[in-house]
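# Working through the structure, step by step
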Amino acid sequence: MPAGQASTLVIRILESDAESFRLELDDGAGTRLAEGVLPRVLPPFGAGQDEDPDLLIRQAVLEQYGAGAGKIETIGAYLFQLLAAGGIGNAWHQARAAAPGARTVLDVRARAMARLPWELLSDDGLPAVLPPGGGLVRGEFPFRPAAEPAPANGTGPLRVLIVVGSAEPDLSAESEVAAIQRALSRQPWRVHTEVLVEPSRDDFYGRAGELRPHVLHFLGHGRYAAGTETPVLAMKDAITGKAWSVSATDIRMGLLGFVPRLLVLNACRGAEIDLQNGVWGVVQAGMAAHMPAIVAMQGLVDSAVAVRFSDALYGALIAGEPVDVAVAKARLDIIQAIGAEQRDWALPVLYLSTDPAEVLPVTCGLTADERDTLRRVEEFEEMRKLVDRDEQRRSMWWAMDLPGGRPAGLFGVTGPEKAGRTRLAYSALLTSASRGHHARYVDLRGVRRMSWLEVLYAVRDGQTGGSSLRSPLPAAAFAEFNREIERLAAGQEPRADDPVPAVPPRPGFVATGEHALSYAQRIFTRFTEALTKAAEDRPLTVAIDHLSIGAQGGVLAEDVRTHLSPMLFAPAARGELRRVRLIVVLRDDERDLLGGPVRELMQPVEVIGFSRRLFYFLHREHYARSGHPDESWDKFELILQAIAGDLDEFWPPSLFAWIETAVKGWGSR
């Protein structure tokens, strides 16, 4: 290929006439490099075999997990000979040699040829889908813009929806979900993930329509609907036990209500060609709906391999790799685990209709230094272990950054003791920080109860010895507050010539008499003005935790009712603090402290226990997120089985710590 031409090669296999297929080889600029025809009756595959290409499909991808010594090379060479017989094989080889790293887009529009396992195609003895070449993908070329536009500024987090159509034990869906979540948790500020396990029809369409995920990942079965040739993704409603499905027709009709930028289908879990054809039909529907990229399994895949593939795929995607590079890296990961003699690395098929670099253009919008800062925040490290709470996390994120609307200014995170309220607040701060907000966490635990004014100082000054979440707010924003606070707290009028003190003052409130409340209000006015100034360059999100915890600290209940609620929380709830968002973490029995008007205006976020139905799923995910080896999971399932029968409808997050202790104890034996 001449220097300077696009580093893409395009192979098209088209219907020609009743006797043949037409093959074309172009470069990415549209220059024809070679063309020819291939007889529709393909040459035999294997000595003494008939010409049925289904034989090749069965031996390559359906009937066995390991193709056996030499079989992979034989299949790869046979597929190359098909290109050579069609007049383009040698030209393709020469073009790849002249442009190392060139990507090959295989645009197969002849249905019978599309079903062949082209991912096993070799060139000069090496698989075309693997490095050091640019890889081979299937797709439509030239690429077109995605149907669902990317955010104008590319700011994330990336939205991922994982749907488990069936939780049958042989699918190991809980292990694959755990692998995906583990991979994505390595950079939790980049991604927001939600999981649906055996949802109802309403749950699926409702959640998908609300979230509009960039990535939709399906685990389960793909097949033809009973008695028809309509391809479907099979679903089961865990509550009613009723089976239902999403059909290729549904996808073509736009019933999803959105177009994911990447669709991942781990749905070929049987060894019959009809099952494979069912998956192909869903893929074709996705391409017809202009999904930018689709990854699907073209044959029966071992559960352990599927788990490893998902872990490597999402690990590469969250690191910022284009989708074609991510798939290639996941293939190599499979080879490193089980060798290249088995065909499992060739089972994933990548279809593209958009340039792979543009499939997932969503980033966290931070500089490298800002990302490094997030990595060093101890509280955010804990977020790697956070499971579930999908809708609560999203409701806070969207209410804080409401596109084209009025963002909520006050959030009340409520729930029973030890329900995980603090971790949810950390998660909200992480999302805020990943979107460029200033983020602060104020913990009011201590040896004694605080006054309302001490709470303001705690917000202003941060807390020593903690992470950047607990650092002081910008001193310049509090200049007027600091200049006036000494006199206002004493019930005196500030003077214009009072200097700004070098050290932020912390006087107690000693104003008395009929004007004391007026001086308190003026203090709050100066304080909220300071918060607003601190948010001039970017929004500010502040979480205030442990508002009232009795002997261990918190705030005097009367001070919450008479001062903090009406003078700080109420203005925030009304949106008067503009780019400032406050999160107040409360027990259920503390909500009344805020007063009716504030409770009506604030955005409520309720934290309850976890569903008994998700006990195994969530523990498997937490185990993986905590960094424990997958090989040891079976041992600890016994612990879960021992306590599962005694669970209430909802169980507390404290069970995670209990299991974690058991895991560590087991590991020390």
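Scoring rules and cut-offs
Residues numbered from 1 in each chain as written. Predicted model: local features only at pLDDT ≥ 70, side-chain atom pairs only at ≥ 80, totals over all residues. Heavy atoms only, no water. Helix = DSSP H or I, 4+ residues; strand = E, 2+ residues; numbered from the N terminus. Polar contact = N/O pair within 3.5 Å; in protein donor to acceptor, adjacent residues only side chain to side chain. Pairing = 2+ DSSP bridges. Axes fitted to C-alpha atoms, helices over the stretch in contact; angles between N-to-C directions. Contact = heavy atoms within 4.5 Å. Salt bridge = Lys/Arg side-chain N within 4 Å of Asp/Glu carboxyl O. Buried < 20%, exposed > 50% of the residue type's maximum accessible area, 1.4 Å probe, protein only.

## Quick look at the side chain of Gln187
In this fold, Gln187 is placed in the loop between α5 (173–184) and β9 (191–197). Looking at Gln187, its side chain comes within polar contact range of the main-chain oxygen of Ile318, at 3.4 Å.

## Considerations on the sheet that holds strand β17 (residues 410–415)
Pairing within the open sheet is parallel, and its five strands lie in the order β18-β19-β20-β17-β21. Taken across any chain shown, the strands that pair with only one partner, and hence form the sheet edges, are β18 (438–443) and β21 (603–606). This sheet shows a mean twist of 20 degrees between the axes of neighbouring strands, independent of strand direction. In this fold helix α13 (residues 390–400) packs onto β17, β19 (540–545), β20 (580–587) and β21, with an angle of close to 165 degrees to the strand it touches most, β21. Taken strand by strand, helix α18 (residues 557–573) contacts β17, β19 and β20, and its axis lies near 120 degrees from that of β20.

## Considerations on the pattern of salt bridges
Counted according to the given criterion, the structure contains 50 salt bridges. Among the ionic pairs, Arg182 bridges to Asp311, the shortest N-O distance being 2.8 Å. Here Arg182 is found in helix α5, whereas its partner Asp311 is found in helix α9 (residues 303–318), with 129 residues between them in sequence. Comparing Arg182 with Asp311, the two get one shared label, buried. Residue Arg538 is joined to Glu370 by a salt bridge in which the shortest nitrogen-to-oxygen separation is 3.3 Å. With Arg538 in the loop between α17 (516–534) and β19 and Glu370 in helix α11 (residues 368–375), this residue pair connects regions lying 168 residues apart in the sequence.

## Details of the pairing of strand β12 (residues 231–236)
β12 sits mainly inside the fold: five of its six residues count as buried. Where strand β11 (residues 221–224) and β12 come together, four bridges link them in antiparallel fashion. In the strand pairing of β12, Tyr224 is matched with Pro231. Counted between consecutive antiparallel strands, the loop separating β11 from β12 contains six residues, among which Gly227 sits at a positive phi close to 75 degrees.

## Points about the sheet that holds strand β8 (residues 158–164)
Neighbouring strands of a sheet are bound in pairs by backbone hydrogen bonds; such pairs are parallel or else antiparallel. Strand order across the open sheet formed by eleven strands is β3-β2-β1-β4-β7-β16-β15-β14-β10-β8-β9, with mixed pairing between neighbours. At either end of the open sheet lies a strand with only one pairing partner, and these are β3 (32–39) and β9. Taken over all neighbouring pairs, the strand axes of this sheet differ in orientation by 20 degrees on average, direction set aside. In terms of strand pairing, β8 meets strand β10 (residues 215–219) through five bridges, oriented parallel. Pairing of Val163 across the sheet is with Phe218, part of β10. The strands touched by helix α2 (residues 71–85) within the sheet are β1 (8–17), β2 (20–27) and β3, with β3 carrying the most contacts at an inclination of about 105 degrees.

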